[in-house]
Amino acid sequence: MSSMSSVAGLSKYIKTLPKTKFSIIGMLIISFLIGSIYYLIDLNPTMGILEDFIAGGLFGLIVFGISSIMSGALNQQTISVVHGINLKIKHSMFLSVLSMTILGIIIIIGCIISQILKIDLFLNSMLFGCVLIYGFGTLVFWATSKVRFVTAAITGLIQPLLILAMYTLITFLFIDTSFIGPAILQITLKAIVAAIIFVMAIYAFIKVIASPFKKNLGIGVLDLLSLFIAHMNEGSNSLEGLFENMSEAIDTIVTFVSFKTENGIKALFISPSVHPGPLGDLGGSNMPTLLANKFDHFTMVAHGPSTHDFNPIAVSEIDKIEESVRNGLKTVEYSSNASRFIRYNVEKANIGVQLFNKGMVILSTFAPDAVDDIEFGVGLTMMAQSRSRCNVEDSIIVDCHNSFTPESGEILPGNSEVFQLIDVIDTINPKQKRHEIKVGCYEDNLESLDKHDGVGDSGIKTMIVEVGNQRTAYVLFDANNMEIGFRQEIIDAVSDLEIDEIEVMTTDTHTVNTLSRGYNPIGIAKRPEIIEYVRISIEEAIKDLEKVEVGTGTEKIENLNTFGPKNSTELISTISSVVAVSKIIAPVLLITALLIVFIWIFFGGL
């Protein structure tokens, strides 16, 4: 599993929250049920079941429901006034209904125990529940809204205080006033001490997990979390500013094949050694589409040898790739000769090779086995090996990225796959006959499919290359890898079309990685529909065939700001260590605090 991919996988925990009106309706219904259940458990001998149900429901609606709706509105306004982020009204209302439900469950459990033990635990249960939702709310506000701890702690008080105040008011007006006076001071003292104990435990926990991030990366873990949520919810790119603090400038390369007619460039096939990540629209995640759109002609941006270490830290870095390609195009030499497409394989390594003028394209895949990204150094080795073997100036290496499982690993120096790639390059026949070349192109945004289906903004792009009466289909999906086995299914499904060879590739775009499952390879769903799109694209590209001249190029990309090998590894190792430590510290610290709070409230003797 690639380094930053494990971070992308965290997106599966981001859920779409219900609309505000549904949260409000939920609070009204749930609060009514909480009150009804409380009254039905604590039966009043002077009232019937129906009266208990209605009276209890109204009690719960006023004390819990109305208070929670008010707190939902006040919480959002408070965070907004102090310039916090992420807490829209629907988020605030959902937090209120969730907190109210937790409180209601605790109260009902307390009532059941009261009936068993024949003691009144309602007030203590409500105090304990209020302390719990206070800590929960404080944690949510502090961790997600980019506000100070004190601000979060004050905001977290709103809902429990409103509930307790409403309960006191209803009790004073309609039920019993015997506790008014000294009892109020006792209850207040219990609540204050318990709240301080619990919220300090939360503060200590956050400070423990934040320390490694500040020490190792110079960033705040809560800033990282809140800006990550802002991107997931609103598409905000503010997180890129945080990445700048940990970026590393690198030099890499971009290789390309240019096909032109007498009217100018007809098609570009680009393979940058830059990784389209980390996720969503951050950094270079949508690079295949953004880079392709910078050119006025048909442009395919394939996945070059690179890992998450080479993720651009900002969208603006893509301009440097464009500049390098344009510089390379100024010096390209064109001719009309090219070779046929030939496949070679050694053990699990499979490559498709086609020579164009003074360069060559190598499409690399380990399908039907599954692997992830090819590391840049391995790609450079493949380039050097193939240039020497075939006596060409440019070697365009493409990681087809078309066979995925969650356990897929990167191809790194020292892996056995590296030597398989080197060995298979040594089997290439460098003396292939050259012929004239025709090229046809077609692209479709696949509007009936979207990111939920694993399809990015560019949909599908297909290029047919005809050399020596052989037609080869280069099919490129804007997707992050392909469900294992789907590549072969596509190849089999188009065998009756007027083509001789086909390779199916993905761009490795990470714009599709913001969904609930984190990973989102194409082919999980709607396979027949996707296959039909492939068939149409091939047929349309064949209609577009015309004679072209071809040239290749290799250009250096200088000072590209990326995560870099050091920081990428540091980020993942820090997250891993924090998760491991949290599994121990969180239960010990928070459960201990809750136990102390429980003892203080129920056995404090006040």
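Residues numbered from 1 in each chain as written. Predicted model: local features only at pLDDT ≥ 70, side-chain atom pairs only at ≥ 80, totals over all residues. Heavy atoms only, no water.

Peer 1: What should I look at first to understand the overall build of the chain in this one?
Peer 2: The secondary structure content of the chain amounts to 17 helices and 12 strands. Dimensions of the chain along its principal axes, counting C-alpha atoms only, are 100 × 50 × 40 Å. Here the chain holds 606 residues, and 55% of them are scored as buried. Once local pairs closer than 6 in sequence are excluded, the contacts in the chain between residues at least 24 apart make up 80%. Surface accessibility of the chain: about 25,200 Å² in total, with carbon and sulfur atoms responsible for 60%. On the chain, the mean spot of the 42 positive side-chain charges and the mean spot of the 61 negative ones are 3 Å from each other. (Helix = DSSP H or I, 4+ residues; strand = E, 2+ residues; numbered from the N terminus. Buried < 20%, exposed > 50% of the residue type's maximum accessible area, 1.4 Å probe, protein only. Contact = heavy atoms within 4.5 Å. Areas by Shrake-Rupley, 256 points an atom, 1.4 Å probe, with all protein chains shown as cover. Lys, Arg positive; Asp, Glu negative; His and termini not counted. Charge placed at Lys NZ, Arg CZ, Asp CG, Glu CD.)

Peer 1: Could you clarify how one ought to interpret helix 13 (residues 376-390) in this entry?
Peer 2: In an α-helix there are 3.6 residues to a turn, and that puts residues three or four apart on one side. For helix 13, with 15 residues, the first-to-last C-alpha span of 21 Å sits near the 21 Å given by 1.5 Å per residue. In this fold, the buried residues of helix 13 make contact with strand 1 (248-261), strand 6 (359-365), strand 7 (394-399) and helix 14 (416-425). Between a side-chain oxygen at the N-terminus of helix 13 and the backbone nitrogen of G377 the separation is 2.8 Å; the capping residue is E375. Note on helix 13: the residue one or two positions beyond its end, N391, has a positive phi of about 55°. (Expected span 1.5 Å × (residues − 1). Polar contact = N/O pair within 3.5 Å; in protein donor to acceptor, adjacent residues only side chain to side chain.)

Peer 1: Can you walk me through the UniProt feature "transmembrane region" (unreviewed entry) in the chain in this structure?
Peer 2: Feature annotation in UniProt assigns "transmembrane region" (unreviewed entry) to the following positions: residues 21-41, 53-74, 94-116, 122-142, 149-175, 187-206 and 584-603. Helix makes up 100% of residues 53-74 and strand 0%. Its end C-alpha atoms lie 30 Å apart. (UniProt positions renumbered as here; feature names shortened; annotations may be inferred.)

Peer 1: Help me understand the packing of aromatic side chains, please; the structure alone is not making it clear to me.
Peer 2: To describe a pair of aromatic rings, you give the distance between the ring centres and the angle between the ring planes. The full count for this structure, using the stated rule, is 19 aromatic pairs. Pairwise contacts between aromatic rings join Y38, Y39, F59, F64, F122 and Y167 into one cluster. (Phe/Tyr/Trp six-rings, centres within 6.5 Å; stacked < 30°, edge-to-face > 60°.)

Peer 1: I would appreciate a short explanation of the side chain of H401 in the present structure.
Peer 2: One can find H401 in the loop between strand 7 and helix 14. Separated by 3.4 Å, the side chains of H401 and N481 make a polar contact. Other than its neighbours up to four places away in sequence, H401 contacts H303, D372, D373, N480, N481, M482, T506 and D508.

Peer 1: Explain the side chain of S582 here, please?
Peer 2: Secondary-structure assignment places S582 in helix 17 (residues 564-603). Given the relative accessible area of 15%, S582 is considered buried. Residue contacts for S582: discarding those within four places in its chain leaves F205, I209 and P587.

Peer 1: What am I meant to see in the packing of helix 15 (residues 486-493) against helix 16 (residues 527-543) here?
Peer 2: Each pair of packed helices can be described by the angle between their axes along with the distance between the axes. One can describe the packing of helix 15 onto helix 16 by two numbers: an axis separation of 10 Å at closest approach and a directional angle of 50°. When the axes of helix 15 and helix 16 are compared, the pair comes out oblique. Like other packed secondary-structure pairs, helix 15 and helix 16 cross with a definite hand, here right-handed. Along the contact surface, helix 15 presents F486, E489, I490 and A493, while helix 16 presents R527, I530, I531, V534 and R535. Across the contact of helix 15 with helix 16, the residue classes tally to 6 nonpolar, no polar and 3 charged. (Axes fitted to C-alpha atoms, helices over the stretch in contact; angles between N-to-C directions. Parallel < 35°, antiparallel > 145°, perpendicular 65-115°, else oblique. Left-handed = near helix turned anticlockwise from the far one by under 90°. Nonpolar A, V, L, I, M, F, W, Y, C, P; charged D, E, K, R; others polar.)

Peer 1: Looking at this structure, I do not really get helix 16. What am I missing?
Peer 2: With 17 residues, helix 16 extends 25 Å between its outermost C-alpha atoms, agreeing within 8% with the 24 Å of an ideal straight helix rising 1.5 Å per residue. Along helix 16, the residues that are buried comprise I530, I531, Y533, V534, R535, S537, I538, A541 and I542. Looking at the buried side of helix 16, the elements it contacts are strand 8 (437-444), strand 9 (460-467), strand 10 (470-477), helix 15 and strand 11 (501-506).

Peer 1: What's the story with the sheet that holds strand 12 (residues 546-562) in this structure? I'm lost.
Peer 2: By way of backbone hydrogen bonds, the strands of a sheet pair with one another, either parallel or antiparallel. If you trace the 8 strands from one edge of the open sheet to the other, you get 3-2-1-12-8-9-10-11, paired in mixed fashion. Two strands lie at the open edges of the sheet, namely strand 3 (298-301) and strand 11, each paired on one side alone. Sheet twist, expressed as the average angle between the axes of neighbouring strands with direction ignored, equals 20°. Direction of pairing for strand 2 (residues 264-272) relative to strand 3: parallel, over a ladder of 4 bridges. Within strand 3, the residue paired with I270 across the bridge is V301. (Pairing = 2+ DSSP bridges.)

Peer 1: Can you help me understand unusual backbone geometry in this one?
Peer 2: Apart from glycine, the bulk of residues carry a negative phi angle, and the bulk of peptide bonds sit in the trans form. That bond from G277 to P278 is cis: its omega, 15°, falls within 30 degrees of zero. Topologically, P278 is positioned in the loop between strand 2 and helix 11 (287-292). Residues A367 and P368 are joined by a peptide bond in cis, for which omega reads 10°. The topology assignment puts P368 in the loop between strand 6 and helix 13.

Peer 1: Would you explain the pairing of strand 12 in this entry?
Peer 2: Residues in a regular strand project their side chains so that they alternate between the two faces of the sheet. Relative to strand 12, strand 1 runs antiparallel, the two sharing 12 bridges. Residue pairing for strand 12: I250 is matched across the bridge by L560. Here 3 bridges tie strand 8 to strand 12, and the two strands are oriented antiparallel to one another. By the bridge assignment for strand 12, I437 is matched with V548.

Peer 1: Just checking my understanding: could you explain the domain arrangement of the chain for this structure?
Peer 2: Bring the parts together and some accessible area is lost; that lost area is often taken as the interface size. Domain boundaries assigned for the chain yield domain 1 (8-206) and domain 2 (248-562). Between domain 1 and domain 2, the C-alpha centre-to-centre distance is 55 Å. (Domains from an automatic or database assignment.)

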